[in-house]
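# Architecture at a glance
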Amino acid sequence: MAARGTWVVRLGGSRGAGLLAVLVLGGTALSLASPAFLEVRNLTDILLNISVLAIVAIGMTLVILTGGIDISAGSILALAAMAAGYVAQKGLGWPAATVAAALTGGAAGLLNGLLVARAGLPPIIVTLGTMSVYRGLVMGITGGKWIYNLPRNFTVLGQGRVLGLPIPIWILLAVAVLVGLFLNRTAFGRGIYAAGSNPQAARLSGVPVRLTLGFVYTASGLLTGLAAALFAARFGVVQTTAGLGLELNAIAAAVIGGTNIAGGSGTVAGTVLGAVLMGVIANAMVLLRISAFWERVVVAALILVAVVVDHLARVRSLRLQAGQRRAAV
């Protein structure tokens, strides 16, 4: 029994290695079923297709690490993409449009953070309300009309290439590296883990829990705004329906990647791998000509497995700690 429990703990703590193994095995099987899978163009398309999702999921990871949740992310993306579209139509180019999108997303995230950190409201209630508010703003400002004909000096951000790779992939890599370093190499980053693991103990240790909560929601909004600019630039159009369901996919990527839904543990690398796995599943459905409806079933099953593994690992860890305390007495 003890050996089995220890195995569960190891499995919960090595999700990144497990995901890599799944991707390698799954990729090998897919390449045998469809040689087109391993073509450079196809692999690049997978990374390009998940770039927006992965950036949003990295922001979502910051929120979940504190034990929170943000189901307004899809609406924030639509609002920020709208801001980017309007600025782009003024001919100001991708830098100004990207800043407008990031600031819009950051402002929306800041409001979420203030309501959670200062007002002490439950994150799911706050973001459920703001989800409707932000989507309503999109519909009200645009009058339900899409924003078309975005200029080339903006769409180059989503359609251009550097050293043979699409720009969104480079931006995803940069975001992943910077946020990963921030979480692991700075005191404030480590405080995010502490705030999600045990808020009271973190507060007694000097971690500014309220400031941390406000920060993660604002940072999540900023990253979603950045993703919104890439989204609008890639497709050259901003739909009023943009981002519908994106928040659920972002949560899925984070949880599949090893972020504990209760907070306190998770990695940026794991989240990116979770998003890549989701991208591979979607790509496999196309290559194997399987109905896309089954994609949701597979992703849902992966989420359930991830949550169960995390739960078993946490229960086992608590039992070990309790046993050690009794032994010490």
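Residues numbered from 1 in each chain as written. Predicted model: local features only at pLDDT ≥ 70, side-chain atom pairs only at ≥ 80, totals over all residues. Heavy atoms only, no water.

What counts, and what does not: UniProt positions are given in the numbering used here, feature names are shortened, and annotations may be inferred rather than shown by experiment.
The chain appears in an unreviewed UniProt entry as Autoinducer 2 import system permease protein LsrC from Caldinitratiruptor microaerophilus. Of the chain, the UniProt comment under Subcellular location (unreviewed entry) reads exactly: "Cell membrane". What the UniProt record of the chain gives under Subunit (unreviewed entry) is the line "The complex is composed of two ATP-binding proteins (LsrA), two transmembrane proteins (LsrC and LsrD) and a solute-binding protein (LsrB)."

### What about the overall build of the chain?
Note the following rule: Segments assigned H or I by DSSP are reported as helices when at least four residues long, segments assigned E as strands when at least two residues long, and all are numbered from the N terminus. Radius of gyration here uses only the C-alpha atoms, and the compact-globule reference equals 2.2 Å multiplied by the residue count raised to the power 0.38. Residues count as neighbours in contact if any of their non-hydrogen atoms are within 4.5 Å of one another.
Counting its regular elements, the chain contains 14 helices and 2 strands. Relative to its length of 329 residues, the chain is compact, with a C-alpha radius of gyration of 20 Å against a globular reference of 20 Å. For the chain, the spread of C-alpha atoms along the three principal axes comes to 70 × 55 × 35 Å. Counting only contacts in the chain whose residues sit at least 6 apart along the sequence, the fraction spanning at least 24 positions is 77%.

### Description of the side chain of T142
The following threshold applies: In the analysis that follows, any N or O atom pair within 3.5 Å is treated as a polar contact, provided that within protein one partner can donate a hydrogen and the other can accept it, and provided that, for residues neighboring in sequence, both atoms belong to side chains.
For T142, the location among the structural elements is in helix α6 (residues 123–142). There is a polar contact of 3.2 Å between the side chain of T142 and the backbone nitrogen of G144. Beyond its immediate stretch of four places on either side in the chain, T142 contacts M82, Y86 and T240.

### Describing the confidence of the model for the chain
We count it as follows: The predictor attaches a confidence to each residue, called pLDDT, with possible values from 0 through 100.
Looking at the chain as a whole, its pLDDT mean stands at 88, while 91% of the residues score no less than 70. This model gives residues 1–13 a pLDDT under 50, and the stretch forms 11 contacts once residues within four places in sequence are excluded.

### Digging into α6
To be explicit about the condition: Multiplying 1.5 Å by the helix residue count minus one yields the expected span of that helix. The rule is simple: take the accessible area with a 1.4 Å probe, protein chains only, and divide by the maximum for that residue type; under 20% is buried, over 50% is exposed, in between is partly exposed. The arc refers to the directions leading from the helix axis to the C-beta atoms.
With 20 residues, α6 ought to run about 28 Å at 1.5 Å a step, and its terminal C-alpha atoms sit 28 Å apart, in line with that. Looking at α6, one finds that the buried residues are V126, T127, T130, Y134, R135, V138 and T142. For α6, the angular spread of buried residues about the axis comes to 150 degrees, placing them on one side. Exposed residues pointing more than 90 degrees away from the buried face of α6 are listed as I125 and G140. Tucked into the core, α6 has its buried residues touching α4 (73–89), α5 (93–117) and α11 (209–235).

### Topic: unusual backbone geometry
For N149, which is not glycine, the phi torsion reads 55 degrees and is therefore positive. With respect to the helices, strands and loops of the structure, N149 is situated in the loop between α6 and α7 (152–159).

### Here we look at a nonpolar patch on the surface
Convention followed: To count toward a patch, a residue needs a relative accessible area over 30% and no salt bridge; like charges are then connected within 9 Å, while nonpolar side chains (Val, Leu, Ile, Met, Phe, Trp, Tyr) are connected within 5 Å. Accessibility throughout is a Shrake-Rupley quantity obtained with a 1.4 Å probe, and a residue counts as covered only by protein chains that appear here. One speaks of a salt bridge when a side-chain nitrogen belonging to Lys or Arg is within 4 Å of a carboxyl oxygen belonging to Asp or Glu.
Together, Y86, V133, L137 and I141 make up a nonpolar patch on the protein surface, roughly 330 Å² of accessible area in all. In terms of residue count, α6 provides more of the nonpolar patch than any other element does, 3 residues in total. With respect to the helices and strands, Y86 occurs in helix α4.

### A look at the packing of α5 against α11
Formally: Interaxial angles span 0 to 180 degrees and are taken between N-to-C directions of axes, which are lines fitted to C-alpha atoms, for helices over the stretch in contact. Orientation categories follow fixed angle ranges, with anything under 35 degrees roughly parallel, anything over 145 roughly antiparallel, 65 to 115 roughly perpendicular, and all other angles oblique. Throughout, a crossing is termed right-handed when the near helix is turned clockwise from the far one, and left-handed when it is turned anticlockwise from it by less than a right angle.
Taken N-terminus to C-terminus, the directions of α5 and α11 make an angle of 150 degrees; their axes are 6 Å apart at the nearest point. One way to sum up the angle between α5 and α11 is to call them roughly antiparallel. Between α5 and α11 lies a crossing of right-handed hand. Facing T98, A101, A102, G105, G106, G109, L110, N112, G113, V116 and A117 of α5, the residues of α11 in contact are R210, L213, G214, Y217, T218, G221, L222, G225, L226 and A229.

### Here's the deal with the side chain of D70
What counts, and what does not: The positive count covers Lys and Arg only, the negative count covers Asp and Glu only, and His and the chain ends enter neither.
Relative to the helices and strands, D70 resides in the loop between α3 (40–65) and α4. In this structure D70 is buried but unpaired, with R135 as the nearest side chain of opposite charge at 11 Å. At 2.6 Å, the side chain of D70 forms a polar contact with the side chain of S72. For D70, the residues in contact, after removing those within four places along its chain, are M60, V63, I76, N112, T127, Y217, S220 and E247.

### Here we look at the environment of G113
If you trace the backbone, G113 turns up in helix α5. Measuring from C-alpha to C-alpha, the distance between G113 and T127 comes to 9.6 Å, with 14 residues separating the pair along the chain. Here G113 is in contact with R118, L213, G214 and Y217, once residues within four sequence places are set aside.

### Section: the nonpolar core
The test is simple: In this text, buried Ala, Val, Leu, Ile, Met, Phe, Trp, Tyr and Cys residues form a nonpolar core when linked through side-chain atoms within 4.5 Å.
I58, L77, F154, I171, V179 and L183 are the most contacted members of the largest nonpolar core, which has 85 residues in total. The dominant element in this core, judged by the number of residues it contributes, is α3, at 14 residues. Among residues more than four places away in sequence, those in contact with L77 are V52, V56, T224, A227, A228, F231, A242, G243 and L246. Core analysis: the second largest hydrophobic core is formed by 6 residues, A195, V207, V209 and L213 among them.

### Re the packing of aromatic side chains
Let me state the cut-off plainly: Aromatic pairs are defined between Phe, Tyr and Trp rings, using the six-membered ring for Trp, whenever the two ring centres lie within 6.5 Å; interplanar angles under 30 degrees are classed as stacked, those over 60 as edge-to-face, and all others as tilted.
Applying the stated criterion across every chain yields a total of 5 aromatic pairs. Taking the centre distance of 5.5 Å and the plane angle of 45 degrees together, the rings of F182 and F215 count as tilted. Of this pair, F182 sits in helix α8 (residues 167–185) while F215 is found in helix α11, placing the two residues 33 residues apart along the sequence. A relative accessible area of 32% means that F215 is categorised as partly exposed. Between F188 and F215, the ring centres sit 5.1 Å apart and the planes meet at 80 degrees, which makes this aromatic pair edge-to-face. Of this pair, F188 sits in helix α9 (residues 187–197) while F215 sits in helix α11, and the two are 27 residues apart along the sequence. Given a relative accessible area of 26%, F188 falls into the partly exposed group. Cluster of aromatic residues (ring-pair linked, three or more members): F182, F188 and F215.

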